[in-house]
Amino acid sequence: MKNKTITILHLYPNDMNIYGDYGNVLTVKRRLEWYGFKANIIDYNQGDKFPDDIDIVIGGGGQDSGQNKIQKDLLMIGPKLKQLADNGVPMLVICGLYQLFGKFFKTADDQIIEGIGLMDIETLAKPERLIGNIITHSEEFGDIIGYENHSGQTFLGHQVPALGRVRLGAGNNTTGISEGARFKNVIGSYLHGSLLPKNPKIADYLIEKAVTNKYGKFIKKDIDDKYAELARKHAAKRPR
Ligand code: GLN
């Protein structure tokens, strides 16, 4: 098994990587190793050659300035990312990149940062910043626990399912209870923290999709998640 490799593409680690988002990459890497795979992490920053043979894509959040910096390059690789998503490649994008996987992010200065439109979502900056601990719930993943900090409020197209329903916190916007969005095997979310160490079910979802795509089937082994469970319990008790 050791020679079986899963390649993770880490999008824009130099500019889109805040509130511990790198932990998502590390969690997938470590869990892949626990399942007996080799994890190959490729950092992709603007101007880099877009690699072939990617099994999982992960990207984090960033300030508006970071989003501006990477936007041109992102639009350039957008068709490749869309092709991968259409092929069923699992992806996780958080906050700033979640917004730019949508149609656009309109900033507080009325500047439109165009996204790649991989997801049918739109984001508008609002005066109120949505900050704090957040808990949402999804049938597939149970309670999803994290931390949010964004001024952009995201609105989902009619056909777009949310990732979870908010139990504590704001989520996509202040007018509804949705958080995040899904398209094929792509997950977008506002949850930092980072998300995956405290929500290993989502990490395993990405791994299962990637391994099945590449090797036909995924045999899940039991992993001792006692530390993740402890972290979840503690985090769930924190005030907003
Ligand atoms: N700049 C975006 C916003 O404030 C994204 C922030 C983030 O990635 N945390 O909405």
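What counts as what
Residues numbered from 1 in each chain as written. Predicted model: local features only at pLDDT ≥ 70, side-chain atom pairs only at ≥ 80, totals over all residues. Heavy atoms only, no water. Phe/Tyr/Trp six-rings, centres within 6.5 Å; stacked < 30°, edge-to-face > 60°. Helix = DSSP H or I, 4+ residues; strand = E, 2+ residues; numbered from the N terminus. Buried < 20%, exposed > 50% of the residue type's maximum accessible area, 1.4 Å probe, protein only. Lys NZ or Arg CZ within 6 Å of the ring centre and 35° of its normal. Pairing = 2+ DSSP bridges. Near = heavy atom within 4 Å. Polar contact = N/O pair within 3.5 Å; in protein donor to acceptor, adjacent residues only side chain to side chain. Areas by Shrake-Rupley, 256 points an atom, 1.4 Å probe, with all protein chains shown as cover.

## Structural notes on the packing of aromatic side chains
Right, on to step 1. Scanning all chains against the criterion turns up 7 aromatic pairs.
Right, on to step 2. A ring pair is formed by Tyr19 and Tyr147, whose centres lie 5.5 Å apart and whose planes are at 75°; its orientation type is edge-to-face. Here Tyr19, found in the loop between strand S1 (5-11) and helix H1 (22-34), pairs with Tyr147, found in strand S8 (residues 142-156); they are 128 residues apart in sequence, far enough to count as distant.
Right, on to step 3. Their ring planes at 70° and their centres at 5.6 Å tell us that Tyr44 and Phe50 sit as a pair that is edge-to-face.
Right, on to step 4. Of the residues examined, Phe50 reaches a relative accessible area of 11% and is grouped as buried.
Right, on to step 5. Stacked on the ring of Tyr205, the Lys or Arg Arg182 has its end atom at 5.2 Å from the ring centre.

## What about the pairing of strand S12 (residues 186-189)?
Right, on to step 1. Neither face of S12 is left uncovered, since the one carrying Val186 and Gly188 and the one carrying Ile187 and Ser189 both have all their residues buried.
Right, on to step 2. The sheet contact formed by strand S4 (residues 91-94) and S12 spans 4 bridges and is parallel. Each residue of the ladder has a partner; that of Leu92, found in S12, is Ile187.
Right, on to step 3. Relative to S12, strand S11 (residues 181-183) runs antiparallel, the two sharing 3 bridges.

## Quick notes on the site of the ligand
Right, on to step 1. Taken together, 16 residues sit near the ligand, with Gly62, Asp64, Cys95, Gln99 and Gly152 positioned nearest.
Right, on to step 2. A distance of 3.0 Å separates an oxygen atom of the ligand from a polar atom in the backbone of Gly96.
Right, on to step 3. Contacts to the ligand include Arg129, whose side-chain N or O atom sits 3.3 Å from an oxygen atom.
Right, on to step 4. When the ligand sits alone it has 300 Å² of accessible area, and the protein chains cover 99% of it.
Right, on to step 5. Listed by contribution, the elements that provide at least two residues to the shell around the ligand are helix H2 (64-86), helix H3 (95-100) and S8.
Right, on to step 6. No other element matches the 4 residues that S8 contributes to the shell around the ligand.

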